[in-house]
Amino acid sequence: MPNIEKLLQWYDINHRILPWRSTSDPYKIWLSEIILQQTRVDQGLNYYLKFIDKFPAIEDLAHAGEDEILKLWQGLGYYSRARNLHKTAKTVCHQHGGIFPKTYHEILKLKGVGPYTAAAIASIVFDEPKPVVDGNVMRLVSRWYAIDEAVNSASGINQIKEILAQLIDKNQPGKFNQAMMEFGAGFCKPKNPDCFQCIFKDQCLAFQKNKVAILPRKNSTVKVKNRYFNYLFINFIQDGEIFTFLKKRQENDIWKGLYEFPLIETLHETGIMELLRNNEEMIPGSPDQLVIESISKKYLHKLTHQRINTCFIKMEFNGSPGENAYPYLKTPLSTIRTYPVSRLTDKYLNDCGL
Ligand code: SF4
């Protein structure tokens, strides 16, 4: 059995100095945990600082507009996290009198908070002995105990949870959780960990049995779907000013709440003429008033379960937008950078020099 005292000592000496580690404010810990879901610490740190600077207290976040929050979140991906952050801030302010819930089960009821985040907040802020189970922790435990079950199977996860329930330091559960995550991320890395220098090499069964390279085992379940996005970047002049069209994504799909150009999604890559011919209703005015100015290179955006294959078609529109311009937002091109957009659109705008 690994010596947890040794782990905590290692953590004392080696942990990274991060702003959310020097606070016990549940708002700040919660914010950091939401930002760090699916995000590396070096990338998330800057966002955390920007959020705390703009919204120093949960009330400030609750009173902000959704567009303002999404704009600040821009580039971080998984935008449902930002929308849920906003909803939870409102819930805490309006239903809990501004006091963050104090127990694992109460925290778990908050929007956007799963078992991992609830355990992290409950243990770090409120000393509740709830182990966190993230990828780093699962890898570490599966190697310590040479667990052959897949860590993404129900029985594999249960086995790891049972072990963690035994291992957790009941007096310092927050420190235990952070040390497990830090050791997993920083030392027991997925590939080529430096086992000969490891403080656990005498207790680690994967090392003893020469199984480090094959653990943790995982069932491959991820099916990746290809999607094809064709954006119409339509420019037109009115009263001497250049305008374009934008639309806020409302559907329960990726990037909900972000703005984008009129989008035609197709089942496969489609030629430009066929695309416009089959989607005339998407075009404001009549097709003969449109001049295609450029077709962008292909932009590929990879998500866990989706590959978004994208091209942007830049067009000049010589006329006034007709009735079918609805539901698009007629937007002065000079203000386009004030809208929250996906990283993909952000890249394209950068490439256009906008
Ligand atoms: S000996 Fe290697 S595999 Fe085992 S805990 Fe240490 S770094 Fe990880």
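Only a predicted model underlies this, so the values are computations on that prediction, with no experimental measurement involved. (Residues numbered from 1 in each chain as written. Predicted model: local features only at pLDDT ≥ 70, side-chain atom pairs only at ≥ 80, totals over all residues.)

J.: An account of the site of the ligand is needed here, citing residue identities and associated values.
T.: Neighbouring the ligand are 13 residues; C188, P193, C195, C198 and C204 lie closest to it. Looking at the shell around the ligand, the elements that each hand over two or more residues are helix 9 (135-144) and helix 12 (205-208). Each residue belonging to the shell around the ligand can be placed in one class, and the counts come to 11 nonpolar, no polar and 2 charged. (Near = placed C-beta within 6 Å. Helix = DSSP H or I, 4+ residues; strand = E, 2+ residues; numbered from the N terminus. Nonpolar A, V, L, I, M, F, W, Y, C, P; charged D, E, K, R; others polar.)

J.: How would you explain the environment of K314 if you had to name every residue and give the values?
T.: Along the chain, K314 turns up in strand 7 (residues 306-317). Residues K314 and S32, 282 residues apart in the sequence, show an inter-C-alpha distance of 39 Å. Those residues in contact with K314 that lie beyond four places of it in its chain are F233, E293 and S294. (Contact = placed C-beta atoms within 7 Å.)

J.: Can you lay out helix 9 for me, pointing to particular residues and giving the numbers?
T.: Owing to its 3.6 residues per turn, the α-helix aligns residues three or four sequence positions apart on the same side. In terms of residue burial, helix 9 counts as a mostly covered element, since 9 of its 10 residues are buried. Within helix 9, the full set of buried residues consists of N136, V137, M138, R139, L140, V141, S142, R143 and W144. (Buried ≥ 20, exposed ≤ 12 C-beta atoms within 10 Å, placed from the backbone.)

J.: Could you give an account of the pairing of strand 1 (residues 225-238), with specific residues and numbers?
T.: Of the strand pairs in this sheet, strand 1 and strand 7 are connected by 11 bridges, and their pairing is parallel. Among the inter-strand pairings, F229 is bridged to a residue of strand 7, identified as T310. Pairing of strand 1 with strand 4 (residues 263-266), which is carried by 4 bridges, proceeds in the antiparallel orientation. Each bridged residue has a counterpart across the sheet, and for F229 the counterpart in strand 4 is E265. (Pairing = 2+ DSSP bridges.)

J.: Explain the packing of helix 9 against helix 10 (residues 154-167) residue by residue, including any values.
T.: Packed helices, taken two at a time, are described by their axes: the angle between them and the distance between them. Here helix 9 crosses helix 10 at 85°, and the two axes come no closer than 10 Å. Compared by their axis directions, helix 9 and helix 10 come out roughly perpendicular. Taking contact as the criterion, the partners of M138, V141 and S142 in helix 9 are, on helix 10, I160, I163 and L164. Across the contact of helix 9 with helix 10, the residue classes tally to 5 nonpolar, 1 polar and no charged. (Axes fitted to C-alpha atoms, helices over the stretch in contact; angles between N-to-C directions. Parallel < 35°, antiparallel > 145°, perpendicular 65-115°, else oblique.)

J.: Can you lay out the domain arrangement of the protein for me, pointing to particular residues and giving the numbers?
T.: It is common to give the size of an interface as the accessible area lost on bringing the parts into contact. Domain annotation of the protein identifies domain 1 (4-128) and domain 2 (225-351). Taken together, the contact pairs 10 residues of domain 1 with 8 residues of domain 2. Elements that contribute at least two residues to the side of domain 1 that touches domain 2 include exactly helix 5 (66-73) and helix 6 (80-95). Element by element, the count of residues in the side of domain 1 that touches domain 2 is highest for helix 5, at 4 residues. (Domains from an automatic or database assignment.)

J.: So what about the nonpolar core? Which residues, and what values?
T.: Of all hydrophobic cores here, the largest spans 77 residues; its most connected members are I121 and F233. The leading source of residues in this core is helix 8 (residues 115-126), at 8 residues. Residue assignment places this core across two domains, with domain 1 (4-128) and domain 2 (225-351) each supplying three or more. Setting aside anything within four residues of it in sequence, one finds F233 in contact with T244, F261, F312, I313, K314 and M315. (Core = buried A, V, L, I, M, F, W, Y, C linked by C-beta atoms within 7 Å.)

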